[in-house]
Amino acid sequence: MNKFIFLVSLFFLVAILGLNNLAFATGSGAKLFKDYYCIDCHTLGHQGGTVGPNLSNIGKTKSLTWIESQISNPSSHFTRGSNTKINGKIYLVRMPGFNNIPDSVADKLAEYIKTFPSVLSNLSYKRPPEGMRLFEKDNCVACHRINGIGGKVGPNLSHIGKTKSLSWIETQVVDPKVHFRYGLGVIIDAHTYLVMMPSFKDIPDSQLNVIGRYLESLK
Ligand code: HEC
Ligand code: HEC
């Protein structure tokens, strides 16, 4: 025999049968995914096991009812289980059927898995704009707030693009004196100070333009 045939699922089945008597709390999809051990075998997003397939994108190809029946009766889709590489060896693994899972729980789980990719792309995969990155890297953020984040020495820039053009902003960064000859009165701890923005005259043009366009987009 040149292939190990090993039903990993038997091991888990025992564990699951043993726990059937416990009253499972019904909660959010994420919690159910843990409570029912799905996460021990399946990765969803950034965490989970690798015994079963990664489910992060399954919502794109499978329907809600397909996922529901996979949960209650996996052998309707995979009669023999499927080949999985574990520590460099191929095993035949089967998903245990959760046939006494309440319908409402199976529904909730299926819905969670089905809609997962969109949740993921909204949260983790949304890269911040390059200009926002430079705004932090060049320390503008030490003095300026955008949407609640940043310092208070300089004006709040959350809506700067409403009133200022790209070239005005670029000039401000390179040579603030053109606009604010004597700086600006700023209240810090109930005292008014005259503060001047330092000039970033050595900033590379390419960076200047990226920051400028980012700030201009803040309407
Ligand atoms: C003991 C490991 C194990 C557990 C626990 C487990 N699965 Fe699976 N799952 C698998 C394996 C292995 C497959 C591959 C198909 C098969 O053999 O049934 C699979 C397949 C699937 C698929 C289809 C994936 C695809 O790409 O076609 C879905 C959906 C799924 N499982 C959901 C769940 C949910 C939801 C739970 C929790 C209620 C769960 N699984 C618990 C091992 C497991
Ligand atoms: C040490 C604090 C400080 C730093 C660092 C700083 N600024 Fe300023 N900024 C100010 C102050 C104070 C003003 C008020 C006008 C002045 O003094 O020039 C200002 C004004 C501005 C304005 C005009 C705001 C308005 O409402 O008219 C813009 C745009 C601006 N800064 C962008 C930037 C960018 C982009 C950076 C990073 C490259 C940066 N600032 C770094 C303190 C700072």
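Before reading on, note that the structure itself is shown above.
Attention here is on the structure that accompanies the text. (Residues numbered from 1 in each chain as written. Chains lettered and ligands numbered in written order. Predicted model: local features only at pLDDT ≥ 70, side-chain atom pairs only at ≥ 80, totals over all residues. Heavy atoms only, no water.)

### A short note on the overall build of the chain
The criterion, for reference: Secondary structure elements follow DSSP: runs of H or I no shorter than four residues count as helices, runs of E no shorter than two count as strands, and numbering proceeds from the N terminus. The buried label applies to any residue whose accessible area, calculated with a 1.4 Å probe on protein chains only, is under 20% of its type's maximum; exposed applies above 50%, and partly exposed to all values in between. Using a 1.4 Å probe, the Shrake-Rupley method yields the accessible areas, and only the shown protein chains count as cover for residues.
A count of helices and strands for the chain gives nine helices and eight strands. Every one of the 219 residues in the chain was classed for burial, and the buried ones make up 33%. Split by element, the accessible area of the chain, about 14100 Å² in all, is 57% carbon and sulfur.

### Remarks on the site of ligand 1
This is how it is decided: Only heavy atoms are used to decide nearness, and a residue is near a molecule or strand if one of them lies within 4 Å of it. Side-chain atoms alone can form a polar contact between residues adjacent in sequence; in general such a contact is a pair of N or O atoms within 3.5 Å, and within protein one must be able to donate a hydrogen while the other accepts it. Under the convention adopted here, Pro, Cys and the residues Ala, Val, Leu, Ile, Met, Phe, Trp and Tyr are nonpolar, Asp, Glu, Lys and Arg are charged, and Gly plus all remaining residues are polar.
Close contacts around ligand 1 come from 24 residues, with Cys-38, Cys-41, His-42, Gln-70 and Met-95 the closest. Between ligand 1 and His-42, the relevant distance is 2.7 Å, taken from a nitrogen atom to a side-chain nitrogen or oxygen of the residue. Contact distances for ligand 1 include 3.4 Å between an oxygen atom and a backbone N or O atom of Met-95. Of all the secondary-structure elements, those providing two or more residues to the shell around ligand 1 are helix H3 (38-41), helix H4 (64-72) and helix H5 (103-123). Among the elements that line the shell around ligand 1, the one with the most residues is H4, at three residues. Its residues assigned to classes, the shell around ligand 1 shows 18 nonpolar, five polar and one charged.

### Structural notes on the site of ligand 2
Near ligand 2 you find 23 residues, and of these Cys-140, Cys-143, His-144, Gln-172 and Met-197 are the closest. Within the side chain of His-144, a nitrogen or oxygen atom sits 2.7 Å from a nitrogen atom of ligand 2. The contact in question runs from an oxygen atom of ligand 2 to an N or O atom on the backbone of Met-197, over 3.2 Å. With three residues, helix H8 (residues 166-174) is the largest single contributor of residues to the shell around ligand 2.

### Some details on the coordination of the iron atom of ligand 1
Put simply, the rule is: Nitrogen, oxygen and sulfur within 2.8 Å of a metal are treated as its donors, or within 3.2 Å for sodium, potassium and calcium (Na, K, Ca); water is not counted, so a site can appear incomplete.
Within the protein, His-42 (NE2) and Met-95 (SD) serve as the donor atoms for the iron atom of ligand 1, at 1.9 to 2.0 Å. According to the relative accessible area criterion, His-42 is buried, its value standing at 10%.

### A short note on the coordination of the iron atom of ligand 2
By definition of the ideal shapes, four donors in a tetrahedron about a metal sit 109.5 degrees apart, and six donors in an octahedron sit 90 or 180 degrees apart. Rule in force here: Each label reflects the angles at the metal, where four donors whose angles all fall between 85 and 135 degrees are tetrahedral, four or six donors whose opposite pairs open beyond 155 degrees and whose other angles stay between 65 and 115 are square planar or octahedral respectively, and the rest are irregular.
The coordination sphere of the iron atom of ligand 2 contains the protein donors His-144 (NE2) and Met-197 (SD), at a distance range of 1.9 to 2.1 Å. Considering all six donor atoms around the iron atom of ligand 2, the spread of angles at the metal, 87 to 177 degrees, places the coordination shape in the octahedral class. Of this pair, His-144 sits in the loop between helix H6 (130-137) and strand S5 (145-146) while Met-197 sits in the loop between strand S8 (191-195) and helix H9 (205-216), placing them 53 residues apart in sequence. Of the residues examined, Met-197 reaches a relative accessible area of 28% and is grouped as partly exposed.

### So, the environment of Gly-151
Quick reminder of the rule: Every residue pair with non-hydrogen atoms within 4.5 Å of one another is taken to be in contact.
Mapped onto the elements of the fold, Gly-151 is located in the loop between strand S6 (149-150) and helix H7 (160-163). Take Gly-151: its relative accessible area is 14%, and that puts it in the buried class. Gly-151 sits 11 residues away from Cys-140 along the chain, and the two C-alpha atoms are 8.7 Å apart. Setting aside chain neighbours within four positions, we find Gly-151 in contact with Val-141, Ala-142, Cys-143, His-144 and Arg-145.

### Quick notes on the nonpolar core
Going by this rule: Remark: nonpolar core denotes a set of buried residues (Ala, Val, Leu, Ile, Met, Phe, Trp, Tyr, Cys) joined through side-chain atoms within 4.5 Å.
Within the largest apolar cluster, 18 residues are counted, with the highest numbers of intra-cluster contacts made by Phe-33, Tyr-36, Ile-101, Leu-109 and Ile-113. Elements that contribute at least two residues to this core include exactly helix H2 (29-35), H3, H4 and H5. The dominant element in this core, judged by the number of residues it contributes, is H5, at six residues. Look past the residues within four positions of Leu-109 in its chain and what remains in contact with it is Gly-29, Leu-32, Phe-33, Cys-38, Ile-71 and Ile-101. Membership of the second largest hydrophobic core comes to 15 residues, among which are Ile-146, Ile-169, Val-173 and Leu-215.

### Describing the packing of aromatic side chains
For the record, the criterion: Pairing of aromatic rings covers Phe, Tyr and Trp, the last counted by its six-membered ring, and requires centre-to-centre distances within 6.5 Å; plane angles under 30 degrees mean stacked, over 60 mean edge-to-face, and any other angle means tilted. Over a ring means this: the NZ of a Lys or the CZ of an Arg is within 6 Å of the ring centre and within 35 degrees of the ring normal.
Inspection of every chain in the model, using the stated rule, returns three aromatic pairs. Measuring from ring centre to ring centre gives 6.4 Å for Trp-66 and Phe-78, while their planes differ by 85 degrees; the resulting arrangement is edge-to-face. Here Trp-66, found in helix H4, pairs with Phe-78, found in the loop between H4 and strand S3 (82-86); they are 12 residues apart in sequence, far enough to count as distant. When the ring centre of Trp-168 is taken as origin, the NZ or CZ atom of Lys-164, which lies over that ring, is 4.7 Å away.

### Some details on the side chain of Ser-56
In this fold, Ser-56 is placed in the loop between strand S2 (47-48) and H4. Of note is the side chain of Ser-56, whose polar atom sits 2.7 Å from the side chain of Asn-54.

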